[in-house]
Amino acid sequence: MTADLVDIHAHWLPTELFELPPGSPFGGMRDNGGELFLGDLPLSIRTEAMSDVDAIVADMDSNNVALRALSPPPFAFAVNSAAEEYIDTYNESLARVVSESSGRLAGLGSVRLDDAAAADRQMASIAQEQILSGIAIPPLLHGSSLDTGILRSILRSASNHGLAVLIHPMQLPKPEWPQYYLANLIGNPVETATAVASSILGGVLEELPDLRICFVHGGGCAPDLLGRWSHAWHARPDVRAGSTRNPRELFHEPYFDTVTHDVDALALLRKQADKKRIVCGTDYPFDMAETRVSEFVDSCGLDRTVLAENGRAFLCHELYPADVS
């Protein structure tokens, strides 16, 4: 297995945008002696790992990654305000980094999450420029998921404009998860599974068959719950009210990345999902990243060439051909 990998799940934020969008629930990011903090919370990340392109490419070289798609860290999603200037600055900066990367970097930009028409205009601009591959959005927003409200509208626009969509959880806090990093360890997989279920049972994937959508962290809890969803779809009219196809069928439609941290978990995902929809991810540069990704995918018996083809298909063949070097 000598082929290089395509990493569709990694994060980047330039230092000039460390203050985060106006109204961000997390406060701003800051550098403290070369280490990155979110407010007063240490992120266990070197600042350069998040913001410096040379550091990102060096990490790629050490992990056999030929192409890496950068997207905003989830706390940079503009969930609480009309942050059009912040988002446009991010997308312009990301497009510049991608353009100057000699084919090593791809980009998944940001959109407004408070105004469907404004988000559609931003996606139209991204599609017209043909530099970024798509966008990244959260799985939940103000108590709703992908099947309703603005998130469904954004998915519809992304499909219309031919843009890929990466769904990344926001690690939303809950009173029952006050410690042990449970907001991440339990919260992130649950957020993602909620979005997968909503997209399947809510008819989103049936409405938008051409949508290139990827759920990170191996789909969270979704592979373990698929049998339960399928049983309920047959047993309960309310569960199948929004869809006409069995969840097991529709689970073959989305892309899922490999960030599972476990050979058996990834084996279950591979059993449930379409083999052409499994893509390589790292979650760089977070402490929950798969830091030795080439060794991990090899140990799971995955073919790097197939992973790379799948990754380029998700990002878009036309922008990232197989001879990228």
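Our structure's up above, just so we're on the same page.
Note that the structure is predicted; figures quoted are calculated from it, not measured.

K.L.:
Any chance you could explain the packing of aromatic side chains here in plain terms?
P.N.:
For any pair of aromatic rings, the description consists of the separation of the ring centres together with the inter-plane angle of the planes. Taken as a whole and judged by the stated rule, the model has five aromatic pairs. Ring geometry for Phe 75 and Phe 286: centres 6.0 Å apart, planes at 80°, overall edge-to-face. On the criterion of sequence distance, the pair formed by Phe 75 in the loop between β5 (65-71) and α3 (84-99) and Phe 286 in the loop between β11 (278-279) and α12 (293-299) is long-range, its members being 211 residues apart. For the ring pair Phe 251 and Phe 256, a centre distance of 4.7 Å and an interplane angle of 25° mean the geometry is stacked. Here Phe 251 matches Phe 256 in class, with each residue buried. Here a set of aromatic residues connected by ring pairs shows up, and it is made of Phe 215, Phe 251 and Phe 256. Sitting above the plane of the Phe 37 ring, Arg 30 keeps its charged end 4.8 Å from the centroid.

K.L.:
Would you mind showing me how to read a nonpolar patch on the surface here?
P.N.:
Taken together, the side chains of Tyr 181, Leu 185, Ile 186 and Val 190 define a hydrophobic patch exposed on the protein surface, amounting to about 310 Å² of accessible area. Locating Tyr 181 in the fold gives a position in the loop between β8 (164-167) and α6 (182-185). Its relative accessible area of 37% is what places Tyr 181 among the partly exposed residues.

K.L.:
Sorry if this is basic, but what is going on with helix α5 (residues 149-161) here?
P.N.:
Residues spaced three or four apart along an α-helix face the same direction, because each turn holds 3.6 residues. In this model, α5 (13 residues) spans 19 Å end to end at C-alpha, consistent with the 18 Å of a helix rising 1.5 Å per residue. Within the sequence span of α5, burial applies to Ile 150, Leu 151, Arg 152, Ile 154, Leu 155, Ser 157, Ala 158 and Ser 159. Those residues of α5 that are buried are in contact with α4 (116-129), β7 (134-137), β8, α8 (204-207) and β9 (212-215). Just downstream of α5, Gly 162 is the residue with a positive phi angle, here 70°.

K.L.:
For this particular structure, what's the right way to read the sheet that holds strand β2 (residues 29-32)?
P.N.:
Across a sheet, paired strands are connected by hydrogen bonds in the backbone, their directions being either parallel or antiparallel. Strand order in this open sheet of three strands is β2-β3-β4, and the pairing throughout is antiparallel. Two strands lie at the open edges of the sheet, namely β2 and β4 (41-46), each paired on one side alone. Across the sheet, the mean angle from the axis of one strand to that of its neighbour is 35°, orientation sign disregarded. Across four bridges, β2 lies against strand β3 (residues 35-38) in antiparallel orientation. Within the sheet, the bridge partner assigned to Met 29 lies in β3 and is Leu 38.

K.L.:
Explain the packing of helix α7 (residues 187-201) against helix α9 (residues 222-235) here, please?
P.N.:
Geometrically, a packed helix pair is captured by the angle between its two axes and the distance between the axes. Remark: α7 packs on α9, axes separated minimally by 11 Å, with the N-to-C direction vectors making an angle of 35°. Considering the relative orientation of α7 and α9, their crossing is right-handed. Here Ala 193, Val 196, Ala 197, Ile 200 and Leu 201 of α7 lie close against α9, whose contacting residues are Ala 222, Leu 225, Trp 229 and Trp 233.

K.L.:
Even after reading the chapter, I still don't get α3, so can you show me in this structure?
P.N.:
Between its terminal C-alpha atoms α3 stretches 22 Å, which fits the 22 Å expected from 16 residues at 1.5 Å a residue. Along α3, the positions that sit buried rather than exposed are Tyr 86, Ile 87, Tyr 90, Asn 91, Ser 93, Leu 94, Ala 95, Val 97 and Val 98. In this structure, the buried side of α3 is in contact with α2 (53-62), β5, β6 (105-109) and α4.

K.L.:
Any chance you could explain the side chain of Thr 258 here in plain terms?
P.N.:
By the element assignment, Thr 258 lies in the loop between β10 (255-257) and α11 (263-272). Only 3.2 Å separates the side chain of Thr 258 from the backbone nitrogen of Gly 281, close enough to count as a polar contact.

K.L.:
Whenever I open this one, the environment of Ala 222 confuses me. Can you help?
P.N.:
Secondary-structure assignment places Ala 222 in helix α9. It is 18 Å that separates the C-alpha atoms of Ala 222 and Leu 172, two residues lying 50 residues apart in sequence. Setting aside its immediate chain neighbours within four residues, Ala 222 contacts Ala 193, Val 196, Trp 229 and Phe 251.

K.L.:
Is there a simple way to explain the environment of Met 60 in this structure?
P.N.:
Note on placement: Met 60 falls in helix α2. Put simply, Met 60 and Val 6 are 54 residues apart on the chain and 9.7 Å apart in space, counted from C-alpha to C-alpha. Beyond its immediate chain neighbours, meaning those up to four positions away, Met 60 contacts Val 65, Ala 66, Leu 67, Arg 68, Arg 104 and Leu 105.

Cut-off values and rules
- Residues numbered from 1 in each chain as written.
- Predicted model: local features only at pLDDT ≥ 70, side-chain atom pairs only at ≥ 80, totals over all residues.
- Heavy atoms only, no water.
- Phe/Tyr/Trp six-rings, centres within 6.5 Å; stacked < 30°, edge-to-face > 60°.
- Helix = DSSP H or I, 4+ residues; strand = E, 2+ residues; numbered from the N terminus.
- Buried < 20%, exposed > 50% of the residue type's maximum accessible area, 1.4 Å probe, protein only.
- Lys NZ or Arg CZ within 6 Å of the ring centre and 35° of its normal.
- Patch = residues over 30% accessible without salt bridge, like charges linked within 9 Å, V, L, I, M, F, W, Y side chains within 5 Å.
- Areas by Shrake-Rupley, 256 points an atom, 1.4 Å probe, with all protein chains shown as cover.
- Salt bridge = Lys/Arg side-chain N within 4 Å of Asp/Glu carboxyl O.
- Expected span 1.5 Å × (residues − 1).
- Contact = heavy atoms within 4.5 Å.
- Pairing = 2+ DSSP bridges.
- Axes fitted to C-alpha atoms, helices over the stretch in contact; angles between N-to-C directions.
- Left-handed = near helix turned anticlockwise from the far one by under 90°.
- Polar contact = N/O pair within 3.5 Å; in protein donor to acceptor, adjacent residues only side chain to side chain.

None of this, on its own, says anything about what the molecule does.
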